[in-house]
Amino acid sequence: MKNIYKFISIALAFLIAGCATPARVDQMTASGGLSRTVPKDSPLRGSIGIKDVTGGRETNPMWVSNVSSADFERALEDSLRTAGLLNTVPSSGRFQLIADLVRLDQPILGFDMTVTAAVHYSVVERSTGKEIYTRVIPTPFTATVSDAFVGATRLKIATEGTIKKNIEALIDELIKLQIQVSMN
C-alpha cells in the first residue's frame, strides 16, 4: 500500500511539473539598447499604432505553451514603445501595424527544443492606405536542457524566445527602412 502512495505522489509531481503555462509578455518583449532605437529624424518615430494582431492561440495546460494574440500584442506594444516607434496612443498613429502569427512550429519532445515563429507584418500609412512594409519574418529559437530540465518549461522558453527574436527582427528592419511619406 505504501508503494502505491509513493507511485501516485511521484506521478502527480511529474504531471504538475510538466503542465504547460502560457508564454509571458515580459519574456517576449524585445530588448532595448542603442541598436534598437529609431533615429530622431525617422518618419516612423512615435508614429506607429497597432491595428490588428491575429493568429495567436490560448494555452491548454495539458498540452503545450502557446502565445495568445492579446499577449503577442502587448509584447509588440512594449517593444515598439522601447524602440521609440509606438505612438503615444497605441491604437492610433500615422502608420498602422498589422501582425499575423501565421506559424508556430513546436516540437513535442526533445532535449534541445527549437521553436520557429513566422509572423506576417504589414505597416500601412493611415491617411493614404499605402502599404510601406510587408514581410513574413521566420525566426527559430532553441532552448536546451541547461535552460530548463523539465520539457514543458524548456518549450515555453523556446516559444518566448522565438517571439522575442521575431519582434527584434521586425524592429531592426523598421529602423533601417527608408520611406518617403506624404506630409499631411
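Analysis parameters
Residues numbered from 1 in each chain as written. Predicted model: local features only at pLDDT ≥ 70, side-chain atom pairs only at ≥ 80, totals over all residues. Heavy atoms only, no water. Patch = residues over 30% accessible without salt bridge, like charges linked within 9 Å, V, L, I, M, F, W, Y side chains within 5 Å. Areas by Shrake-Rupley, 256 points an atom, 1.4 Å probe, with all protein chains shown as cover. Salt bridge = Lys/Arg side-chain N within 4 Å of Asp/Glu carboxyl O. Helix = DSSP H or I, 4+ residues; strand = E, 2+ residues; numbered from the N terminus. Buried < 20%, exposed > 50% of the residue type's maximum accessible area, 1.4 Å probe, protein only. Pairing = 2+ DSSP bridges. Axes fitted to C-alpha atoms, helices over the stretch in contact; angles between N-to-C directions. Contact = heavy atoms within 4.5 Å. Core = buried A, V, L, I, M, F, W, Y, C linked by side-chain atoms within 4.5 Å.

So what exactly am I meant to see when it comes to a nonpolar patch on the surface here?
Taken together, the side chains of F111, V145 and F149 present a nonpolar region at the surface, about 390 Å² in accessible area. With respect to the secondary-structure elements, V145 resides in the loop between strand 4 (131-143) and helix 4 (151-176). The class of V145 is partly exposed, set by a relative accessible area of 33%.

What should I look at first to understand the sheet that holds strand 3 (residues 113-125) in this one?
Where strands meet in a sheet, backbone hydrogen bonds hold them as pairs that are either parallel or antiparallel. Taken in spatial order, the four strands line up as 1-2-3-4 in an open sheet, and their pairing is mixed. Of all the strands in the sheet, the pair left with one neighbour each is strand 1 (48-54) and strand 4. Shown here is a sheet whose adjacent strand axes are inclined to one another by a mean of 20°, direction ignored. One ladder, built from twelve bridges, connects strand 3 with strand 4; its direction is antiparallel. Residue pairing in the sheet places H120 in a bridge with V136 of strand 4. Each of strand 1, strand 2 (95-105) and strand 3 is contacted by helix 3 (residues 69-83), which is oriented at about 160° to strand 1, the strand it contacts most. Sitting on the sheet, helix 4 touches strand 1, strand 2, strand 3 and strand 4, and the angle it makes with strand 4 is about 150°.

Teacher, can you tell me more about the nonpolar core here?
Side chains that are nonpolar tend, in soluble globular proteins, to be buried together. Within the largest apolar cluster, 40 residues are counted, with the highest numbers of intra-cluster contacts made by F72, L76, L85, L97, Y121 and I167. Mapped onto this core, the elements with two or more residues apiece are helix 2 (25-28), strand 1, helix 3, strand 2, strand 3, strand 4 and helix 4. Examining the composition of this core, we find that eight residues originate from one element, helix 4, more than from any other. If we skip the residues at most four places from it in the chain, I167 touches M28, A30, F72, A75, L76, S79 and Y121.

These figures come from the coordinates and say nothing about function on their own.
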